[in-house]
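# Chain and residue survey
Now for the letters of each chain:
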Amino acid sequence: MTFSIHGLPVARGIAIGRAVLVGSSRVEVAHYFITPDQVEAEINRVRVGRNAVVDELQRLQHDMPKDAPHELAALLDVHLMLLEDETLTIGIKHWITDRLYNAEWALTTQLEIISRQFDEMEDEYLRERKADLEQVVERILRYMKGVVSPVAPPAPARRKSGEGLFPDENLPVPLVLIAHDLSPADMLQFKQSVFAGFVTDVGGKTSHTAIVARSMDIPAVVGARTASQLVRQDDWVIIDGDAGVVIVDPSTIILAEYGFKQRQGTLERERLVRLRHTPAITLDGQKVELLANIEMPEDAGGAVEAGALGVGLFRSEFLFMGRQGRLPDEEEQYQAYRRAVEGMQGMPVTIRTVDIGADKPLDKGQKEDTHLNPALGLRAIRWSLADPAMFLTQLRAILRAAVHGQVNLLIPMLAHGSEIRQTLSLLDFARAELDNRGTAYGPLKLGAMIEIPAAALSLSLFLKYFDFLSVGTNDLIQYTLAIDRADESVAHLYDPLHPAVLRLLADTIQACHAQGKGVSVCGEMAGDVAMTRLLLGLGLRSFSMHPAQILAVKQEVLRADTSRLAPWAQGVLQSEDPSEAINLPLSARSEGVGWDSGMGPLSTY
Ligand code: PEP
Ligand code: MG
């Protein structure tokens, strides 16, 4: 039966594929396809792991002291019974043989299916056996880690005949990932994965999970609430990343319609690629700088390919996440920053110092106290200043990377003069340490992120110390409107066009211009084509966004006339309801400006 689920659109496009349900505790398991000749070996890996667990449990049973609690023996019996259960073994074999999943993936897929059956049981005792099953599977996975996989490079899966939904027998089976929640670190892991789209139950449009999905340029919907409960393993699913809709078990007619939309999207992208080498200059001759936001050094290649003129935001915290507390040392960081700098082939790279905290924990499961609000807590520069040794390590690594190209240093979440002064003196200290060691380092331009209203209201203080400012609209909106950006239940109030947000943004651009300092926007607003003309009208000439958004924004720039947009933007700024004003056919919309694509309603916010 076809049904649809509504969520928040975060990464555009249409994905059609079979659902892979992943429990949040199990996303670290590798997901890749094997080839048919590897099936036996993969099944054997599971068998070896399972047998090892059976041996272990039987040994425990055998060695159990006479006076051991009776419950313990019963528990071991249950675990052994679960290991013998055919639903588990037959299911695993199915995923490996028919779908060519690697062994770990097959095991966790089957676990999800059986877990659900347990959830639906009336009997409380039986329902609670789900935890036992999870423990058993965890044990098998642990043993399998020790059994080297004979599986060589992941190969794409082939569609099995009789699927009936795709005309081309040779097309890979597309898969979409459905999860309750994914941390930004999990998303990073999926960057190289097989999935054609994502859906999560939780998350806001500018949560970091959504941001990484956008950087992967695959359709994604977050905040879909109950999706992970309503969708079953292996269901056919359509993800409409433009509308924020997930269609489950679609009819052939719906599939055909979305297949058409998908092809149109592909054609549109192919058309945009022609703009890659076109300079971003408005109709009235204003040069606009389009920069890339990246998470890992390897993203630099995609940035160059998309025609970025540099990196406007390297979110360095992604180097620090998911490492079980072992932070990268100076050498590792230096090599990573150097790779990004060299990858940009002489173009500038803006490295933001670590912004850990709020919805970007260092490690998964590392929950902050629930009575605290992590978004207002020890995150970003506050975290760095609380651990000067860690911060100095990062500053030294960045200074050293600056030998290899133009590097800008960007500091997140500053609000206080004392934080600025402390940061700058630590930077001096880092230079002195490198001098003492006789290690080479390069010059840095210094920038501050404007993402707390207090900062946007103290611009003269910031301009006194910094060479440039970069507006982090994701947080600026969050803190101005008191809306948690990761909370889907208040996502409707997260409004980039709120007059207060626009005022802070306009004043920051203005103040930088007045002092001849650089100013950029690196929040998600910069990559939203529905916002491009407004930002240009407010005087912005430097935008930093995911590489995948650059060409669409460039198209808007090429169609814009800033001499008309400036007065129009002032009107929007002064309007009581900018979200309405932005859609009005104002004078700027008159002849020759090329307002053919809609403004506003298709915003990705
Ligand atoms: C922002 O807040 O707009 C920003 C770019 O930083 P992040 O999204 O990483 O918090
Ligand atoms: Mg921010």
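Reference entry: report on the structure contained in this document. Predicted, not measured: the structure shown is a model, and the values here were computed from it.

Looking now at the site of ligand 1. Not every one of the 17 residues close to ligand 1 is listed here, only the nearest: Arg315, Arg352, Gly472, Asn474 and Arg485. Within the backbone of Thr473, an N or O atom sits 3.1 Å from an oxygen atom of ligand 1. In this structure, an oxygen atom belonging to ligand 1 sits 3.0 Å away from a side-chain N or O atom of Asp475. Contact with the protein chains covers 100% of the free accessible surface of ligand 1, which is 290 Å². Elements with a minimum of two residues in the shell around ligand 1: α8 (208-216), β10 (311-315) and α18 (473-481). Among the elements that take part in the shell around ligand 1, α18 stands out by supplying 3 residues, more than any other. When its residues are assigned to classes, the shell around ligand 1 shows 4 nonpolar, 5 polar and 8 charged.

Of the two faces of strand β11 (residues 349-352), both are covered, the one formed by Val349 and Ile351 as well as the one formed by Thr350 and Arg352. Across 3 bridges, β10 lies against β11 in parallel orientation. Bridging across to β11, Phe314 finds its partner in Ile351. You can see the chain leave β10, run along helix α12 (residues 330-343) and come back into β11, and the turn it takes is right-handed. The pairing of β11 with strand β12 (residues 407-411) spans 4 bridges and is classified as parallel. Across the sheet, the residue bridging to Ile351 is Leu409, located in β12.

Another point: the coordination of the magnesium ion (ligand 2). Donor atoms from the polypeptide that bind the magnesium ion (ligand 2) are Glu451 (OE) and Asp475 (OD), placed at 2.0 to 2.1 Å. With a gap of 24 residues between them, Glu451 in the loop between β13 (444-450) and α16 (453-456) and Asp475 in helix α18 connect regions that are remote in the sequence. For Glu451, a relative accessible area of 2% gives the class buried.

What follows concerns the packing of helix α2 (residues 70-84) against helix α6 (residues 129-145). To describe two helices that pack against each other, one gives the angle between their axes and the distance between the axes. Relative orientation of the contacting elements α2 and α6 amounts to 65°, with a least axis distance of 10 Å. Classed by the angle they form, the pair α2 and α6 counts as roughly perpendicular. The two elements α2 and α6 cross, and the hand of that crossing is right-handed. Residues Leu75, Val78, His79, Leu82 and Leu83 of α2 touch α6, and the partners they reach there are Arg129, Asp132, Leu133, Gln135, Val136 and Ile140.

Moving on: the sheet that holds strand β2 (residues 8-11). An order of β1-β8-β7-β3-β4-β5-β6-β2 is seen for the 8 strands of this open sheet, with the pairing classed as mixed. The strands lining the two open edges of the sheet, one partner per strand, are β1 (3-6) and β2. Within this sheet the neighbouring strands show an average axis-to-axis angle of 30°, counted without direction. Relative to strand β4 (residues 175-179), strand β3 (residues 14-22) is paired through 5 bridges, and the arrangement is parallel. Paired with Val22 across the two strands is Ala179, which belongs to β4. Here helix α10 (residues 252-273) sits on the sheet and contacts β3, β7 (236-240) and β8 (245-248); the angle it forms with β3, its principal contact strand, is near 115°.

Burial of α8 is extensive: 9 of the 9 residues sit out of reach of the surface. Buried residues of α8: His208, Thr209, Ala210, Ile211, Val212, Ala213, Arg214, Ser215 and Met216, and no others. Buried-residue contacts for α8 involve β2, α7 (184-190), β5 (195-200), β6 (220-222), β10 and α18.

A complete count under the given rule lists 7 aromatic pairs for this structure. Measuring from centroid to centroid gives 6.2 Å for Phe33 and Tyr101, while their planes differ by 55°, and the two rings are tilted. Placement of Phe33 in the loop between β3 and α1 (39-63) and of Tyr101 in the loop between α3 (86-97) and α4 (103-119) is noted, with a sequence separation of 68 residues between them. For the pair formed by Phe33 and Tyr101, the shared burial category is buried. Pairing Trp95 with Tyr101 gives two aromatic rings, centres 5.5 Å apart and planes at 15°, and the pair type is stacked. Here the two residues Trp95 and Tyr101 agree in accessibility, since each one is buried. Counting every residue linked through ring pairs, the aromatic cluster contains Phe33, Trp95, Tyr101, Trp105 and Phe195. When the ring centre of Tyr334 is taken as origin, the NZ or CZ atom of Arg400, which lies over that ring, is 4.0 Å away.

Cut-offs applied
- Residues numbered from 1 in each chain as written.
- Chains lettered and ligands numbered in written order.
- Predicted model: local features only at pLDDT ≥ 70, side-chain atom pairs only at ≥ 80, totals over all residues.
- Heavy atoms only, no water.
- Near = heavy atom within 4 Å.
- Polar contact = N/O pair within 3.5 Å; in protein donor to acceptor, adjacent residues only side chain to side chain.
- Areas by Shrake-Rupley, 256 points an atom, 1.4 Å probe, with all protein chains shown as cover.
- Helix = DSSP H or I, 4+ residues; strand = E, 2+ residues; numbered from the N terminus.
- Nonpolar A, V, L, I, M, F, W, Y, C, P; charged D, E, K, R; others polar.
- Buried < 20%, exposed > 50% of the residue type's maximum accessible area, 1.4 Å probe, protein only.
- Pairing = 2+ DSSP bridges.
- Right-handed = clockwise from strand over helix to strand, strands pointing away.
- Donors = N, O, S within 2.8 Å, 3.2 Å for Na, K, Ca; no water.
- Axes fitted to C-alpha atoms, helices over the stretch in contact; angles between N-to-C directions.
- Parallel < 35°, antiparallel > 145°, perpendicular 65-115°, else oblique.
- Left-handed = near helix turned anticlockwise from the far one by under 90°.
- Contact = heavy atoms within 4.5 Å.
- Phe/Tyr/Trp six-rings, centres within 6.5 Å; stacked < 30°, edge-to-face > 60°.
- Lys NZ or Arg CZ within 6 Å of the ring centre and 35° of its normal.

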